[in-house]
Amino acid sequence: MQLQGTISSSLANLSFLSMLNLENNSLHGGIPFGLGHLPRLQVIDVRNNQLQGSIPTSLFQHRRVQIISLAFNKLGSEMWKGPWIVPELRVLNLRNNSLTGIIPPSVGNATKLMNFILFDISSLLVASLRFNSFSGSLLPNEENIVSNIEFLSVSNNQISGCIPSNICQLTELHVLSISLNNITGEIPSNIGCLSKLEVFYIGENPITGTIPASLANISTLQYVDGTGIGELGKLSNLRRLSFGHNSNLIGQIPEAIFNISTLETIAVYFNNISGTFPAPTGFHLPNLKLLLLGENQLEGEIPLFITNASKLEILDLSNNFFKGTIPNNLGNLRELRYLM
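Residues numbered from 1 in each chain as written. Predicted model: local features only at pLDDT ≥ 70, side-chain atom pairs only at ≥ 80, totals over all residues. Heavy atoms only, no water.

### Looking at the nonpolar core
Grouped together as the largest cluster of nonpolar side chains are 80 residues, with contacts concentrated most on I44, I55, I68, L92 and L291. I55 has contacts with F60, L70, L75, M79, L94 and L99, leaving out every residue within four places of it along the chain. (Core = buried A, V, L, I, M, F, W, Y, C linked by side-chain atoms within 4.5 Å. Buried < 20%, exposed > 50% of the residue type's maximum accessible area, 1.4 Å probe, protein only. Contact = heavy atoms within 4.5 Å.)

Written out as structure tokens, the structure reads:
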């Protein structure tokens, strides 16, 4: 469909309506307040429209709603700060709007003005709030959290403060994406307690220190984007390793990284990596497609073993201090598209 116009307030009269799906249209105007009073409503999905105004508070006080998906609109103003009564909520997707203010206070406790309400909704599994203007802290600091959340994305906001050690209470977390915020301090040393984590995006924050060695104990981890390599060579399922663009990474590239056979991307460009290219004994990267090492301080000769990565499509060694000749066997990289 390619519907235009506004969402009629008369839809609030459909008392038997359980699902409202108007995604991927050209609807404008606001979301009718009365939709939150539909007694049987379980799903409201109005993604990818041009809706404006605030989110009706009635949606956050609905005892049956399971999915609230309002992403990719032009919704603005502050989030509802009152009590959330959504015991069945599973998915909250508000990404790519213009929402502002602090992340709302926790249910029934207005004194914790920075606490994340989502961690008081035990039924919630997915929360996508990226590309807004939320501020405040990430988690209720040093408080008990009862949450089954599996997917948490608050990237591209104005979240501040540090990552508290009680993040370990998010035992079901598979995706943690908090990049492009103002998060400071060090990553908790016990971060390895997130034993089900598959995606960890933390880059473009003023975080100090390195990724703790305990992160290497998460056998399920596949995608890492952050600061500090540490002992990530132990992550046998890792597919993407990205520390690109102003991650302030220093030191040398660990040899073990080049023996993770599952890796498809190694991106450590725009840092302060120095020393010579590591000379691993195996260099077993049969799935590597992107090797981005540009804008560092690497020196020495370009190693011949790069050509063992037979699926390589992009090779960026630009703006380093390499010397010597270009290896003749680069011509063996039949999939190579960009050489810099």
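### Topic: the sheet that holds strand β3 (residues 26-29)
The strand order across the open sheet built from four strands is β1-β3-β5-β7, with neighbouring strands paired in parallel fashion. Strand pairing shows two members of the sheet lacking a second neighbour, β1 (4-6) and β7 (74-75), which therefore form its edges. With three bridges connecting them, β1 and β3 associate as parallel partners. Among the inter-strand pairings, Q4 is bridged to a residue of β3, identified as S26. (Pairing = 2+ DSSP bridges. Helix = DSSP H or I, 4+ residues; strand = E, 2+ residues; numbered from the N terminus.)

### Comments concerning the state of the cysteines
For the structure on display, the rule yields one disulfide. Between the sulfur atoms of C168 and its disulfide partner C193 the distance amounts to 1.7 Å. One quick way to see it: the torsion about the S-S bond of C168 and C193 is about -95°, and its sign makes the bridge left-handed. You can see C168 sitting in the loop between β12 (158-161) and β13 (175-177) and its partner C193 sitting in the loop between β14 (182-183) and β15 (199-201), a full 25 residues away along the chain. (Disulfide = S-S within 2.5 Å.)

### Here we look at the side chain of D316
Locating D316 in the fold gives a position in strand β23 (residues 314-316). For the buried D316, no salt bridge exists, and the shortest N-O distance to an oppositely charged side chain is 13 Å, to R240. Here the side chain of D316 touches S318 through a polar contact of 2.6 Å, side chain to side chain. Residues within four places of D316 in sequence aside, it is in contact with L291, L292, L293, G294 and M340. (Lys, Arg positive; Asp, Glu negative; His and termini not counted. Salt bridge = Lys/Arg side-chain N within 4 Å of Asp/Glu carboxyl O. Polar contact = N/O pair within 3.5 Å; in protein donor to acceptor, adjacent residues only side chain to side chain.)

### Topic: unusual backbone geometry
Most peptide bonds adopt trans geometry, and most residues besides glycine take a negative phi value. Even without a glycine there, the phi angle at N24 is positive, about 60°. Its place among the elements puts N24 in the loop between β2 (19-21) and β3. Given the relative accessible area of 41%, N24 is considered partly exposed.

### A short note on the confidence of the model for the protein chain
Residues with a pLDDT of 70 or more make up 83% of the protein chain, whose mean pLDDT is 79. In the predicted structure, residues 105-116 sits below a pLDDT of 50 and forms 28 contacts with residues beyond four places in sequence or in another chain. (pLDDT = per-residue confidence, 0-100.)

### Section: the pairing of β3
Here β3 shows a clear split, with L27 and G29 buried on one side and none of S26 and H28 buried on the other. Bridge count for β3 against strand β5 (residues 50-53) is two bridges, and the pairing is parallel. In the sheet register, G29 faces β5, and the bridge partner there is L51.

### With respect to the environment of G275
Here G275 shows up in strand β20 (residues 272-276). Here the alpha-carbon distance between G275 and Q252, two residues 23 residues apart in the chain, equals 5.9 Å. Apart from the residues within four sequence positions on either side, G275 is in contact with Q252, Q297, L298 and E299.

### Focus on the pattern of salt bridges
Scanning the model with the defined rule gives five salt bridges in all. The partner of E88 in a salt bridge is R90, and the shortest N-O contact between them spans 3.7 Å. The partly exposed category is assigned to R90, whose relative accessible area is 29%. Between E172 and K196 there is a salt bridge, and its shortest N-O distance comes to 2.8 Å. Placement of E172 in the loop between β12 and β13 and of K196 in the loop between β14 and β15 is noted, with a sequence separation of 24 residues between them. A residue is classified by how much of its surface remains accessible, and K196, at 33% relative accessible area, is partly exposed. Several salt bridges converge on common partners, so that one network encompasses E23, D45 and R47.

### Some thoughts on the sheet that holds β14
Taken together, the three strands give an open sheet; going across it, the order is β10-β12-β14, and neighbouring strands pair in parallel fashion. Unpaired on one side and paired on the other, β10 (135-137) and β14 mark the two borders of the sheet. Across three bridges, β10 lies against β12 in parallel orientation. Residue pairing across strands places G136 opposite I159, the latter belonging to β12.

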